Amino acid sequence: MLTRMQYDILQASARSIAVLLREMQSDAELFSSANTLRKVESYLLVIAQTLAHLPPPLQQRLLQVDWHGWSCLQKQLEQDLQPRRAEVWYGTQALVPNTLQLLKKLRQQEPIWFEMDY
């Protein structure tokens, strides 16, 4: 049940990032909008922290996830390290979509990991 809730958190955060970035034409627009950037970074942090707390057996099944990239991004966001423009853009353009695609594929292959046990 916990893994399903984590999956739902990841999905919701990724959707929120997509909505915030939908109308933007380039990274310059994101980084010139302090409010949008703050929201995007908060969702990226939620995703990074959620991924860090996935059960170890599940993390091991997701070998193609850029765990190092997520760990570095999480550290930068938690410690408010600057500059991080490249890392945030990489997070929105590569980490989020690739990780969610790998999770979706794993969920299709092994749905038992993502069941709700009531």
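Residues numbered from 1 in each chain as written. Predicted model: local features only at pLDDT ≥ 70, side-chain atom pairs only at ≥ 80, totals over all residues. Heavy atoms only, no water.

(A) Expanded view of the packing of aromatic side chains. Under the definition given, this model contains 2 aromatic pairs. Look at Tyr7 and Phe114: their rings are 5.2 Å apart centre to centre, the planes differ by 65°, and that puts the pair in the edge-to-face class. Of this pair, Tyr7 sits in helix α1 (residues 2-21) while Phe114 sits in the segment after α6 (85-109), and the two are 107 residues apart along the sequence. Under the relative-accessibility criterion, Tyr7 is labelled buried at 7%. (Phe/Tyr/Trp six-rings, centres within 6.5 Å; stacked < 30°, edge-to-face > 60°. Helix = DSSP H or I, 4+ residues; strand = E, 2+ residues; numbered from the N terminus. Buried < 20%, exposed > 50% of the residue type's maximum accessible area, 1.4 Å probe, protein only.)

(B) Representation of the environment of Trp113. With respect to the secondary-structure elements, Trp113 resides in the segment after α6. Along the primary structure Trp113 and Leu58 are separated by 55 residues, whereas in three dimensions their C-alpha atoms are 8.0 Å apart. In this view, Trp113 contacts Thr3, Arg4, Pro55, Pro57 and Leu58; residues no more than four positions away in its chain are not counted. Within polar-contact distance, the side chain of Trp113 engages the side chain of Glu110 at 3.1 Å. (Contact = heavy atoms within 4.5 Å. Polar contact = N/O pair within 3.5 Å; in protein donor to acceptor, adjacent residues only side chain to side chain.)

(C) Local environment of a nonpolar patch on the surface. A contiguous nonpolar patch, built from Met1, Leu2 and Met5 and spanning about 270 Å² of accessible area, is present on the exposed surface. Assignment of secondary structure puts Met1 in the segment before α1. For Met1, a relative accessible area of 39% puts it in the partly exposed group. (Patch = residues over 30% accessible without salt bridge, like charges linked within 9 Å, V, L, I, M, F, W, Y side chains within 5 Å. Areas by Shrake-Rupley, 256 points an atom, 1.4 Å probe, with all protein chains shown as cover. Salt bridge = Lys/Arg side-chain N within 4 Å of Asp/Glu carboxyl O.)

(D) Molecular detail of the nonpolar core. The biggest cluster of nonpolar side chains holds 29 residues, and the ones touching the most others in it are Leu44, Leu62, Trp70 and Val96. Those residues in contact with Leu62, other than ones at most four positions away along the chain, are Leu54, Trp67, Leu102, Leu103 and Leu106. (Core = buried A, V, L, I, M, F, W, Y, C linked by side-chain atoms within 4.5 Å.)

(E) The side chain of Thr3, seen in detail. Take Thr3: it is sitting in helix α1. Contacts of Thr3, omitting those with residues within four sequence positions, involve Pro55, Leu58, Trp113 and Phe114.

(F) Looking closely at the packing of helix α3 (residues 34-52) against α6. Following both chains from N to C, one finds α3 and α6 inclined at 40°, their axes separated by 11 Å at the closest point. Classified by the interaxial angle, the pair formed by α3 and α6 is oblique. The two elements α3 and α6 meet at a crossing, and its hand is left-handed. Along its contact with α3, which presents Leu37, Val40, Glu41, Leu44, Ile47 and Leu51, the element α6 presents Val88, Gly91, Thr92, Val96, Thr99 and Leu103. Among the residues forming the contact of α3 with α6, the class breakdown is 8 nonpolar, 3 polar and 1 charged. (Axes fitted to C-alpha atoms, helices over the stretch in contact; angles between N-to-C directions. Parallel < 35°, antiparallel > 145°, perpendicular 65-115°, else oblique. Left-handed = near helix turned anticlockwise from the far one by under 90°. Nonpolar A, V, L, I, M, F, W, Y, C, P; charged D, E, K, R; others polar.)

(G) The arrangement of the packing of helix α5 (residues 67-78) against α6 in detail. Closest axis-to-axis distance for the α5/α6 pair is 11 Å, and the angle between their directions is 135°. Our classification of the angle between α5 and α6 gives oblique. α6 is crossed by α5, and the crossing has left-handed handedness. For the pair α5 and α6, contact is made by Gly69, Trp70, Leu73, Gln76 and Leu77 and by Glu87, Val88, Gly91, Leu95, Val96 and Thr99, respectively. Tallied by class, residues from the contact of α5 with α6 come to 6 nonpolar, 4 polar and 1 charged.

(H) Spatial organisation of the side chain of Thr50. As for its placement among the helices and strands, Thr50 is situated in helix α3. Using a relative accessible area of 10% as the deciding quantity, one classes Thr50 as buried. Excluding its chain neighbours within four sequence positions, the residues that come into contact with Thr50 are Gln6, Ile9 and Leu10.

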